Amino acid sequence: MAAPEPAPDLLLMTSTALRVPHVVAYSEETVSLALTVLVDAWALSGRRLSYIDPAASDWGLGVLWARQQSHRLGRPQYDELHTLRQRECMLHRLCQVCAKPALDPDTGRLSWVFHETVHAASGHLSKPPTCLRCIPGARAACPRLRQEAHVYTSPDYKPWGVKGIVFSSGCPARQDVPLTDHATLEFTLARALIVHVSDLRPESAP
Ligand SMILES: [Zn+2]
C-alpha cells in the first residue's frame, strides 16, 4: 500500500527545514587559536597578534581573521555565524541563506529580517542581508521568525568594524572594534564583520 501523501504544510516544513543558511557554522568547523604576538615595525605598538605560521590571507581590513575550518561537518549551530562565510556575504552583499546577490535589482535595496521591531533608522548589523527569494523560507524554517518577523530594507552599507576577541591585556575579551581603532585591531582576532546601515525602512514581508 502506498504511503499517504504528507499534508501541504508538512511538505513546506520538510523542504525548508533542510536548508541550512549559508552563514551558519557547523559544530566541527573549529577555529584555530594557534596565536602569538609578532614584532612588527609597522604596528602602532611595534607588535601585533598573528598566527604562529602567518599567511598574508590571514589579514583583511587591517585585522587578523579567525582561521575556521569550512567543511560543513557536524551539526548546524544556528546561533553561530561562520567567520569566513559571514565576511564573504558582508563584503560581497550576498544573501545569508543562499549566498546569491542580495540586492533587489528593481529597488537597489537590501532586505533584512528581524524577529522584533527595529526602532532606529540606522545602526550596526553583523547578520548579512536575506534576499527577497529566501525570506518566505526563512520565516517558515526559523522558530523565532515563525512567531514574529519584521522585514526592513536599506540602501548599500559600509563596513564599520568587527566582532572579535581582543588579546591586548588580561583575559581575552569579546568586543566590537571599529575599523578606525587601529591600536586595538592589532590585538584582535576578528570573528565577524559589522556594517553600518542607514535609511532602514519597514516593508511588508513577502
Ligand atoms: Zn537568498
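For the structure itself, consult the block above.
Just so it is clear, the structure is predicted and the values come from calculations on it, not from any experiment. Within each chain, residue numbers correspond to sequence positions counted from 1 in written order. Where local features are concerned, this predicted model is filtered to residues with pLDDT of at least 70; where side-chain atom pairs are given and counted, the filter is 80 or more; whole-chain, interface and lining totals use all residues. Side-chain numbers come from the whole structure's heavy atoms, not from hydrogens or water.

(A) Inspection of the nonpolar core at higher detail. We define the nonpolar core as a collection of buried residues of types Ala, Val, Leu, Ile, Met, Phe, Trp, Tyr and Cys that are connected through side-chain atoms lying within 4.5 Å of one another. Only protein chains enter the accessibility calculation, which uses a 1.4 Å probe; a residue is then buried when its area is under 20% of its type maximum, exposed when over 50%, and partly exposed in between. Counting 25 residues, the largest nonpolar core has Cys95, Trp112, Tyr157, Val162, Val195 and Val197 as the members making the most contacts within it. Residue assignment for this core shows that the elements contributing at least two residues are β5 (63–65), β7 (110–114), β10 (158–166) and β12 (188–197). Ranked by the residues each element gives to this core, the list is headed by β12, at four residues. A helix here means a DSSP run of H or I that spans at least four residues, while a strand means a run of E at least two residues long, and both kinds are numbered starting from the N terminus.

(B) Fine view of the pattern of salt bridges. The term salt bridge refers to a side-chain nitrogen of Lys or Arg lying within 4 Å of a carboxyl oxygen of Asp or Glu. Tallied over the full model, the rule gives nine salt bridges. Measuring nitrogen to oxygen at the nearest pair gives 3.8 Å for the salt bridge that ties glutamate 80 to arginine 191. In this pair, glutamate 80 is assigned in strand β6 (residues 76–81) and arginine 191 in strand β12, connecting sequence segments 111 residues apart. For glutamate 80, a relative accessible area of 33% translates into the label partly exposed.

(C) Spotlight on the layout of surface pockets. Think of a 1 Å grid over just the protein atoms. A cavity is a set of points where a 1.4 Å probe fits yet cannot get out, a pocket is an open set with protein on both sides within 12 Å along at least five of seven lines, and lining residues have an atom within 4 Å of a point. Grid points are joined across faces, edges and corners, and a volume is the space filled by probe spheres set on the points. Each pocket or cavity is described by its volume, and for the largest pocket that value is around 1,300 Å³. As for the largest pocket, its lining consists of 41 residues, and the residues nearest its centre are Tyr78, Asp79, Leu81, Gln96 and Lys127. For the lining of the largest pocket, the element with the most residues is β6, which contributes four residues. By the convention adopted, Pro, Cys, Tyr, Trp, Phe, Met, Ile, Leu, Val and Ala count as nonpolar, Lys, Arg, Asp and Glu as charged, and the other residues, Gly among them, as polar. For the lining of the largest pocket, the residue count by class is 20 nonpolar, 11 polar and 10 charged.

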